Structures are given as structure tokens and as C-alpha cells.
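Each chain is listed here by its residues.
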Amino acid sequence: MKKNMMMLKKKFKNFNPKIKEECGVFGISNNNDASALTALGLHALQHRGQEGCGIVTFDGDQYHSEKRFGLVGDNFNKEKVLKNLTGKYAVGHNRYSTTGGTTLRNIQPFFADTNAGGISISHNGNLTNAITLRSKLVKEGAIFHTTSDTETIVQLIAKSKRNKTIDKIIDALFQIQGGYALVMLTQKNLIGVRDPFGIRPLVIGKLNNSYVLASETCALDIIGAKFLREVENGEIVLIQDDKIESIKPFPEQKVRPCVFEYIYFSRPDSILNGKTAYEYRKNLGVELAKEDNVEGDVIVPVPDSGNAAALGYSQKKNKNFELGLIRNHYVGRTFIEPSQKIRSLGVKLKLNPNKTSIKNKKIILVDDSLVRGTTSYKIVKMLYDAGAEEVHVRIASPEIRYPDFYGVDTPTKKELLAANKSNDEICKYIGAKSLKYLSIDGLYKAMGFENRNNTYPQLTDHYFTGDYPVKPMDNLGDDKITQLSLLSTGSNS
Ligand code: AMP
């Protein structure tokens, strides 16, 4: 395996085995405004990735593609660009990536000609056997143009010996592993796929005679589409004009949606399993308040990630909620910048203390999660510098001890604070007076369950528990593998 990886690194200068995508996908059928509606849908999904965006359309004869670095609104607002994207079918993609691989080639949707016709593909998620598959394909003569795991899917589809496009796709899906939501455009169908555990999200909407596929319901709202349902785990939906068909080729698995979509990633107004992410997050704050007995004067959220939880916390405690930090909205999310150096600068660029509401106050500072501690460290210092008397940090999710492999950018175990330090050590590191995380049971209570053992669905919550629904086949780095080999709670695969 190590040899394979070295070979890949040598062959592809930009190849980074840790490359991961945390993206937004969108697709629409049967609509004269397909490209403009896709641009709007991607704009609503902008929080899922800000590095690049792309739209591919099909006009019944030809595919058209436009890909750009940067934000959707800066790139697809021009009549000029959208004019080139003719056709009643479209797929789109917002890209997020961690270090490496920042080239136009890696921006999706990808397109390939196969012997069954053209196919375009948008992917949110991360394959856990992409390196293994890629090195096998390269040995067999495949030429890769990108460093993205998504291209592996394209190659597998193109290589399949089956005749019909949908059979080629199923062939490829049986070979890939991990968390994925795919939106594809063949010459006949708009296609949506969710991985067998439903780790990554995908929803279906209807707009007059068009079907819409999107990572989140907020992308349906923006174009006035009606939310019909989520694509189920392991389901493929085949859309042709205004008809939809469902196929379930995989052995049945219990659905395991990613808990981080609830905690952080999805937009607050998006609906997940019947409720808005906002409702869940407020509940997380309520449960955190129930578990906490710290004395403070004001509850201050880390904007915007801690807003809903801080509100829930303050309502439960019946204590003042203050906007003690003001956010500059013209800077992207802290994490979105690929390198640690830029990331730490990002906090300074983004937030400023609201001095009069924090001076001489005992502050209960609420955020959704603590990963590397970069955000908390900066903010705690900022609040003390602005005259706070005490800063107590409260985190509306449990300690993140395990890395992710399914498309959420959590770092390796080495960088995860809670994997390496005790609560007291972390508290000291971020400079707070006290630090408390929500318990696992509190997390599940906020989701509407009694505790972790009594839930449906069981969430993909490996971040806190180490319970991975799909164990990676690829060697993703020593600390990740060591940690995996110690697993005793992994399930199913
Ligand atoms: P850190 O500063 O490394 O402790 O990261 C925690 C901050 O980053 C919190 O404010 C979160 O809202 C945010 N965050 C947590 N997880 C992610 C993620 N996977 N991608 C982007 N941002 C995140």
C-alpha cells in the first residue's frame, strides 16, 4: 500500500492522499432555465464549499461546461456565462478542498465520454478506497486528469463492460466505498445516488414539471421548489423529464446520516430528518445548559456557528444572550482556507469584540464544536483583551477524538485536541476559565432520542465514539490507521 501511494505521489505531482471534499451538489431536469436555477441552487449551498464552482448542462445533443475558482455569485451572475450553458438539464457543484490539489481541473462537475454516451458527475463526500482503486486503474493503463477521488468513479463507469449507462454506474458503485452523494447527468437521465449508509445528504424537490436534486433543502427553497423527500440510503433515483424511478441495488443497511451535518455543516434552515438544523442546534444548547452549572452574566455565541446553541442555552438558563462578537460577513468560514497559517489569520479577519456588552462580565462563550482549538484560543484572548472578567467556553457537541474519512474536513488524530489532551489541558491551551462539552447522551437527547443506544437512525458519530460505519481500505496516514486498528466498536463493514 505504501508503495502504491509513493508511486501515485511521484506520478501526480499534486496528488495528495488526504485530499477531501466537503461539497455541495445540485441537479435539475426538464427546465428551460436549468443553468440559472442551478446557479441559484449552488448559491444557497455556498457554505458547503467556496474554493470553486461549476455547472454542466445537456441540450439533448451536446454537453456544455463552465468551471470557475471562487464564489457562485461572482462567477455565474453574468448573462454571458449562463448563456453558454444551454439545455434543459443541468448539474452543478461547489467545491471545498483541504491542502493540495487546488487546480481548475479538480473543479467539478466532471465530464467523460463513455462508449454508452457522455456522463457528467458531481460528488459530495469522500471515498475510503479511492487510492486502492486508483492505483489498480493506473496499473491497468488508466490516465487520470485530476487528483480527486471522484475521477475514480468516472474511470470505473467508463471501464465497465456492461452495455447500458445505468448498469455501468451500478457496476462502479459496487466497487467504491465511503460516504457519497452523487448527482449525475447522462444523455437520458438526471441521476441521484446516496451511499449505502446515507452518510452524506441528498434531497429531492419538485418545481412544476422539473425534478431537483440537492445536498440540502435550502437549495430547493431558493428556487421555489417543493421538498419531496430525502434520497434514501443506498438508493439511486433515475429522473427523465417529469418521471422519477427508484432503484436499490445494494444489500440493505441501516441508515447512518452524518451527525456533523446536524451540528455544523448544513445551513440552519435546511431540513434534516423532519426538522431544521436550527432546531437541532438550539436543542443542543438546551441540553448543554441542563448539564451545566457554571455561574455567568451573559451568554455569547461564536458567530455564526454557535448562534442557535447559544440561544437554546440562554433560553434554558433564562439568562441574557448578547452578541459579544461581531462578524464581518465578507470573509469565508474559518476552515475554508486550506492552510493552518491562513486559518489562524482568518479568525482575526472575521471577528471583533463588541466591547460594551462584554466588559467586566463573566461570559459563557458557546460554540458548536472544538476541533484544533484555533477559534476558541483566538476568541478567548480577544474577549479578555476587551475587558471580560471571566470566559467559560461551552461546546454544544462532545469531544472530537477521531478523524473523519467521509468528506468532513476534520484533521488527523495528531491535530485533534481532544484526542491528545485532557479537558484541563485543553482549557489551559485555549486560555479559558473553564471548559465543558456536551455529553454523548445529551447530543442524542437533543436529537430527540433517550440515549445513544435507543435511536433510529443511529447517526454516523465516529468523531466522538470511533464507531465507523465503513472502515477505510486506503492507508490514510499512520495516526489514522493506528487509531483504526484499535477500534472495537466499528460496525457492519
Ligand atoms: P477549531 O478552531 O479548529 O477548534 O474549529 C472549531 C471551529 O471550526 C468551530 O467554530 C466550528 O464551527 C468550525 N468547524 C468545525 N468543524 C468544521 C469543519 N469540518 N469544517 C469547517 N469548519 C468547522
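Now for a look at the structure at hand. (Residues numbered from 1 in each chain as written. Predicted model: local features only at pLDDT ≥ 70, side-chain atom pairs only at ≥ 80, totals over all residues. Heavy atoms only, no water.)

### Here's the deal with the side chain of Ser 210
Alright, step 1. With respect to the helices and strands, the residue Ser 210 is situated in strand E10 (residues 210–214).
Alright, step 2. A polar contact is formed between the side chain of Ser 210 and the backbone oxygen of Ser 29, at a distance of 3.0 Å. (Helix = DSSP H or I, 4+ residues; strand = E, 2+ residues; numbered from the N terminus. Polar contact = N/O pair within 3.5 Å; in protein donor to acceptor, adjacent residues only side chain to side chain.)

### Details of the nonpolar core
Alright, step 1. By size, the foremost hydrophobic cluster in this structure holds 40 residues, and its most contacted members are Phe 260, Leu 443 and Met 447.
Alright, step 2. Those elements that provide at least two residues to this core are helix H9 (259–265), helix H10 (277–290), helix H11 (307–317), strand E19 (362–367), helix H16 (440–446) and helix H17 (462–465).
Alright, step 3. In terms of residue count, H9 provides more of this core than any other element does, six residues in total.
Alright, step 4. Those residues in contact with Phe 260 that lie beyond four places of it in its chain are Phe 265, Ser 369, Ile 400, Val 408, Tyr 463 and Phe 464.
Alright, step 5. Counting residues in hydrophobic clusters, the runner-up holds 28 residues, among them Leu 127, Ile 169, Ile 191 and Val 193. (Core = buried A, V, L, I, M, F, W, Y, C linked by side-chain atoms within 4.5 Å. Buried < 20%, exposed > 50% of the residue type's maximum accessible area, 1.4 Å probe, protein only. Contact = heavy atoms within 4.5 Å.)

### Some points on the packing of helix H6 (residues 150–159) against helix H7 (residues 165–173)
Alright, step 1. Taken N-terminus to C-terminus, the directions of H6 and H7 make an angle of 130°; their axes are 8 Å apart at the nearest point. On the basis of their axis angle, the class for H6 and H7 is oblique. Once H6 is placed against H7, the crossing between them reads as right-handed. Where H6 abuts H7, its residues Ile 153, Leu 156 and Ile 157 lie against Lys 168, Ile 169 and Ala 172.
Alright, step 2. For the contact of H6 with H7, the per-class residue count stands at five nonpolar, no polar and one charged. (Axes fitted to C-alpha atoms, helices over the stretch in contact; angles between N-to-C directions. Parallel < 35°, antiparallel > 145°, perpendicular 65-115°, else oblique. Left-handed = near helix turned anticlockwise from the far one by under 90°. Nonpolar A, V, L, I, M, F, W, Y, C, P; charged D, E, K, R; others polar.)

### Describing unusual backbone geometry
Alright, step 1. Residue Pro 109 follows Gln 108 across a cis peptide bond; omega there is 0°.
Alright, step 2. Of note, the bond from Pro 303 into Asp 304 is cis; its omega dihedral lies within 30 degrees of zero at -10°.
Alright, step 3. Residue position: Asp 304 is located in the loop between strand E16 (298–301) and H11.
Alright, step 4. Even without a glycine there, the phi angle at Asn 318 is positive, about 55°.
Alright, step 5. Take Asn 318: it is sitting in the loop between H11 and strand E17 (325–327).
Alright, step 6. Look at Asn 318 and you get exposed, because its relative accessible area is 71%.
Alright, step 7. At Asn 360, a position not held by glycine, the phi torsion is positive, near 60°.
Alright, step 8. With respect to the helices and strands, the residue Asn 360 is situated in the loop between strand E18 (351–353) and E19.

### As for H11
For the α-helix, the turn length of 3.6 residues means that residues three or four positions removed from each other point alike.
Alright, step 1. Regarding H11, the residues found buried are Ala 308, Ala 309, Ala 310, Gly 312, Tyr 313 and Ser 314.
Alright, step 2. Those residues of H11 hidden inside the fold are in contact with H10, E16, E19 and strand E20 (390–395).
Alright, step 3. Immediately beyond the C-terminal end of H11, within one or two residues, lies Asn 318, with a positive phi of roughly 55°.

### With respect to the site of the ligand
Alright, step 1. Taken together, 16 residues are adjacent to the ligand, and Tyr 264, Asp 367, Asp 368, Arg 372 and Thr 375 come closest.
Alright, step 2. In the model, an oxygen atom of the ligand is placed 3.1 Å from a nitrogen or oxygen of the Ser 305 side chain.
Alright, step 3. Within the contact set of the ligand, an oxygen atom lies 2.5 Å away from a side-chain nitrogen or oxygen of Asp 367.
Alright, step 4. In the complex, 97% of the free accessible area of the ligand, which totals 490 Å², lies under the protein chains.
Alright, step 5. For the shell around the ligand, the secondary-structure elements that each account for two or more residues are H9 and helix H13 (374–385).
Alright, step 6. Among the residues forming the shell around the ligand, the class breakdown is six nonpolar, five polar and five charged. (Near = heavy atom within 4 Å. Areas by Shrake-Rupley, 256 points an atom, 1.4 Å probe, with all protein chains shown as cover.)

### Quick notes on the pattern of salt bridges
Alright, step 1. Applying the stated criterion across every chain, the model contains 20 salt bridges.
Alright, step 2. With a shortest N-O distance of 2.3 Å, Lys 248 and Glu 232 are connected by a salt bridge. Of this pair, Lys 248 sits in the loop between strand E13 (243–247) and H9 while Glu 232 sits in the loop between strand E11 (226–230) and strand E12 (236–240), placing them 16 residues apart in sequence.
Alright, step 3. Taking the shortest distance from any N to any O, the salt bridge between Lys 362 and Glu 389 comes out at 3.9 Å. (Salt bridge = Lys/Arg side-chain N within 4 Å of Asp/Glu carboxyl O.)

### A short note on the sheet that holds E10
Alright, step 1. Pairing is antiparallel across the open sheet formed by seven strands, whose spatial order is E3-E2-E4-E1-E10-E9-E11. Edge positions in the open sheet fall to strand E3 (63–69) and E11, since each of these has one partner strand only. The average angle at which neighbouring strand axes cross in this sheet is 15°, direction not considered.
Alright, step 2. As judged from the seven bridges shared by strand E2 (residues 52–58) and E3, these two strands associate in the antiparallel manner. The partner of Thr 57 across the bridge, within E3, is His 64.
Alright, step 3. Those strands touched by helix H2 (residues 34–44) are strand E1 (24–28), E2, strand E4 (89–95) and strand E9 (203–207), and its axis lies near 25° from that of E4. (Pairing = 2+ DSSP bridges.)

### A closer look at the packing of aromatic side chains
Alright, step 1. A full pass over the atoms with the stated rule returns 12 aromatic pairs.
Alright, step 2. Taken together, a centroid distance of 6.4 Å and an interplanar angle of 50° make the contact between Phe 260 and Tyr 264 tilted. Linking Phe 260 with Tyr 264, this pair stays in helix H9, spanning four residues, or about one helical turn.
Alright, step 3. For Phe 260, a relative accessible area of 4% translates into the label buried.
Alright, step 4. In textbook terms, an aromatic cluster arises when at least three aromatic residues are bridged by ring pairs, as seen for Phe 260, Tyr 264, Phe 265, Tyr 463 and Phe 464.
Alright, step 5. For Lys 206, the ring lying beneath its charged end belongs to Tyr 211, and the centroid distance is 4.8 Å. (Phe/Tyr/Trp six-rings, centres within 6.5 Å; stacked < 30°, edge-to-face > 60°. Lys NZ or Arg CZ within 6 Å of the ring centre and 35° of its normal.)

### Some words on the sheet that holds E13
Alright, step 1. Reading across the sheet, the six strands line up as E5-E6-E7-E8-E12-E13 and stay open at both edges, with antiparallel pairing between neighbours. Edge strands, defined here as strands with exactly one partner in the open sheet, are strand E5 (110–114) and E13. Taking the axes of each pair of neighbouring strands and ignoring which way they run, one obtains an average angle of 20° across the sheet.
Alright, step 2. As paired strands, strand E6 (residues 117–127) and strand E7 (residues 178–186) are joined by nine bridges and run antiparallel to one another. Residue Ile 119 lies in a different strand from E7, and its bridge partner there is Thr 186.
Alright, step 3. Of the strands in this sheet, E6, E7, strand E8 (190–194), E12 and E13 are in contact with H7, which crosses E7 at around 165°.

Everything listed here is a matter of coordinates, which is why it stays silent on function.
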